[in-house]
Amino acid sequence: MTGNRVELRSEGLSLADLEAVAHGLPLILSAEVCQRVEQSHERLARYLKENRRIYGVTTGYGPLADTLVGSDFSLDLQKNLIAHLSTGVGAPLSRIHTRATMAARISALARGYSGISLDALDMLTKCLNLDAIPVVPSMGTVGASGDLTPMAHIVGAMMGEGEIGLGGFEPGPAKEVLAALGLSLFRPGGKDALALVNGTSAMTGIAGINGAAAGRALRWSALLCAGHAEVLNGRREAWDFAFGEVRPHPGQQRLHRWLNRLVQKTETALDDSHGVEPGQLVYLGESFQDPYSLRCAPQLLGAVSDQIDWHDQTVGIELNSATDNPILPDNQDRVLHGGNFYGQHVAFASDALANAVITMGVHAERRIARLCNPRLNKGLPAFLQPEQPGLQSGFMGAQVTASALLAEMRIKATPASIQSIPTNGDNQDVVTMGTIGARRTGELLDLLSSLLAIDALMVAQALDLRIEENAGVSAGNAVNELLAWVRKRAPRLTNDRPLSEEIARVARAVALPGTLVDGLAGFD
């Protein structure tokens, strides 16, 4: 990524590149990528002249591959592929998810093993860079022979079918939008249509966006946990680096670093001098250990961190792989037929990430509940409302919403990767449902953003109350920045007021790239 564009070179795209393109940066094909694509296409053209049998190019599709198709029908064969696969239903994918899907497909085809023409790849790239984004129904793919249905709607729009939204505005007829942009309608030949649709790019693109969003949510969770430690006088002993040294999971070690950097430094020595004489019982009045939501934060969020890392590693490999069928490998002078379009890796990764996202939701809801409860919040008012409690209820309603959000998340906990249903005349007799899993994880992340928004509003309220009751109270720099960030978006709660719009406003800001936690000192 360089400034205002992303260049796709032979080493492929990073997930950060993918997110940047999904949010609007143009994707430029390097000369080396174009050369590889042209060489692959020239090989395919030679094989066609040699009258070789090539699935989907000189044969029918799926269980109809037993039909050999003459070269005179090449254009019809590719056009009919797009037509019969354009059967998606449901609400459209978001602009960001569709852009991510397009970028992921470009990345896969740029490997140079697919036989696609450079003109076809260039057309997809031009649509992406002009922000001419097809309307893609979200449902209809089983994630086995790739993401055939969503990709077919993208290619169909390039051919003038369906609708295209330009620049994020209301979509219009694809043919008219392309004409207004001076683009000719796409006419797929050779293997163009098959190469464009036959891969895991929808699940991979959406999963890549999910990974970036989950990493951001993890940083928010750590920052908010530090805020809770500040307002609840958390005992930093449990966050000592020694725990990570003797249990060296990388994520746990990372969270020990983060949490210790985010909280106010203290010089107070640990005091373990509370002795008791034989035969006596001494009651301290409170436990010298915090509840697990604080004490075990490095272990809980550390495990989430490791899960995100595994997810991103898997999706990153998939993003820079040739995922269609057939392929044209460099070291063999032939076409190979196989199953690289099969999305099981991404399906498993998305389900694993979903568990991690729900775990962050559980943690956030418990933090919220503790701040609301005067028996547990170390002297703060009930529901953080100091003005006429009983007449006014503070964050009581917001806590109820947090409980409901977590219930919504748990209802979506069923894994997608085990939901195989044979289809395609039993040709696709085992399928992955990887795109369903990636979409579901994206929905969970949206719900988590709202939970984190409620948590952020309440931490800011608690900090204000602590500062008011004791002018000498101070928090760490990171937590002070959190307070300032929240106050730019929502004022302190004095008298009860509707909070719905403020929760939504903060949730949107929590989810966006380039927000507070993306540049905050303390995260490595």
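Quantities reported herein were computed from a predicted structural model and do not represent experimental measurements. (Residues numbered from 1 in each chain as written. Predicted model: local features only at pLDDT ≥ 70, side-chain atom pairs only at ≥ 80, totals over all residues. Heavy atoms only, no water.)

## Concerning the packing of helix H16 (residues 434-469) against helix H17 (residues 477-487)
A pair of packed helices can be characterised by two numbers: the angle between their axes and the separation between those axes. Going by this rule: A fitted line through C-alpha atoms serves as each axis, taken over the contacting stretch for helices, and the angle formed by two N-to-C directions is quoted from 0 to 180°. Secondary structure follows DSSP: runs of H or I at least 4 residues long count as helices, runs of E at least 2 residues long count as strands, and numbering of each begins at the N terminus. Roughly parallel covers angles under 35 degrees, roughly antiparallel covers those over 145, roughly perpendicular covers 65 to 115, and oblique covers all other angles. Left-handed describes a crossing whose near helix is turned anticlockwise from the far helix through less than a right angle; right-handed describes the clockwise counterpart. We call two residues contacting when some pair of their heavy atoms lies within 4.5 Å. Throughout, the ten residues Ala, Val, Leu, Ile, Met, Phe, Trp, Tyr, Cys and Pro are labelled nonpolar, Asp, Glu, Lys and Arg are labelled charged, and all others, Gly among them, are labelled polar.
The geometry of H16 relative to H17 is characterised by a closest axis approach of 9 Å and an angle of 110° between their N-to-C directions. Between H16 and H17, the angle falls in the class roughly perpendicular. Pair H16 / H17 crosses with left-handed handedness. Counted together, Ala456, Leu457, Val459, Ala460, Gln461, Leu463, Asp464 and Ile467 of H16 and Val479, Leu482, Leu483, Val486 and Arg487 of H17 form the full contact between these two elements. Within the contact of H16 with H17, the residues separate by chemical class into 10 nonpolar, one polar and two charged.

## Some points on the sheet that holds strand E6 (residues 163-166)
Condition: Criterion used throughout: strands pair if DSSP finds at least two bridges between them.
Spatially, the three strands line up as an open sheet ordered E4-E6-E7, and their pairing is antiparallel. One side of each edge strand has no neighbouring strand; the edge strands of this open sheet are strand E4 (132-134) and strand E7 (172-173). Pairing analysis gives two bridges linking E6 to E7, with the strands arranged antiparallel. Across the sheet, residue Glu163 finds its bridge partner in E7, namely Pro173.

## Points about a nonpolar patch on the surface
This is how the line gets drawn: Put simply, a patch holds well-exposed residues, over 30% relative accessible area, that have no salt bridge, with like charges counted together within 9 Å and Val, Leu, Ile, Met, Phe, Trp or Tyr side chains within 5 Å. Areas reported as accessible are Shrake-Rupley estimates using a 1.4 Å probe. Residue values count occlusion only from the protein chains shown. The working definition used for a salt bridge is a side-chain nitrogen of Lys or Arg within 4 Å of a carboxyl oxygen of Asp or Glu.
Among the surface-exposed residues, Val276, Val282, Leu284 and Phe288 lie close enough to one another that they form a single nonpolar patch of about 410 Å² accessible area. Inspection of the secondary structure assignment puts Leu284 in the loop between helix H11 (250-262) and helix H12 (292-295).

## Focus: the state of the cysteines
Think of a disulfide as a covalent bridge from one cysteine sulfur atom to another cysteine sulfur atom. Quick reminder of the rule: Here, two cysteine sulfur atoms that lie within 2.5 Å of each other are counted as a disulfide. Exposure is judged per residue with a 1.4 Å probe applied to protein chains only, and the accessible area is read against the type maximum: over 50% gives exposed, under 20% gives buried, and values in between give partly exposed.
Taken as a whole and judged by the stated rule, the model has zero disulfides. Just so you know, Cys127 is unpaired, no disulfide at all, and the nearest cysteine sulfur is the one on Cys34, 16 Å from it. Judged by its relative accessible area of 1%, Cys127 falls in the buried class. The thiol of Cys372 is unpaired, and the distance to the nearest cysteine sulfur, on Cys225, comes to 16 Å.

## Digging into helix H1 (residues 15-22)
Counting buried residues in H1 gives seven out of eight residues, a clear majority hidden from the surface. Every buried residue of H1 is accounted for by Leu15, Asp17, Leu18, Glu19, Ala20, Val21 and Ala22. Lining the buried residues of H1 we find strand E1 (6-8), strand E2 (27-29), helix H4 (95-109), helix H5 (118-129), helix H9 (201-231) and helix H13 (297-319). Once H1 ends, the next one or two residues include Gly24, with phi positive near 130°.

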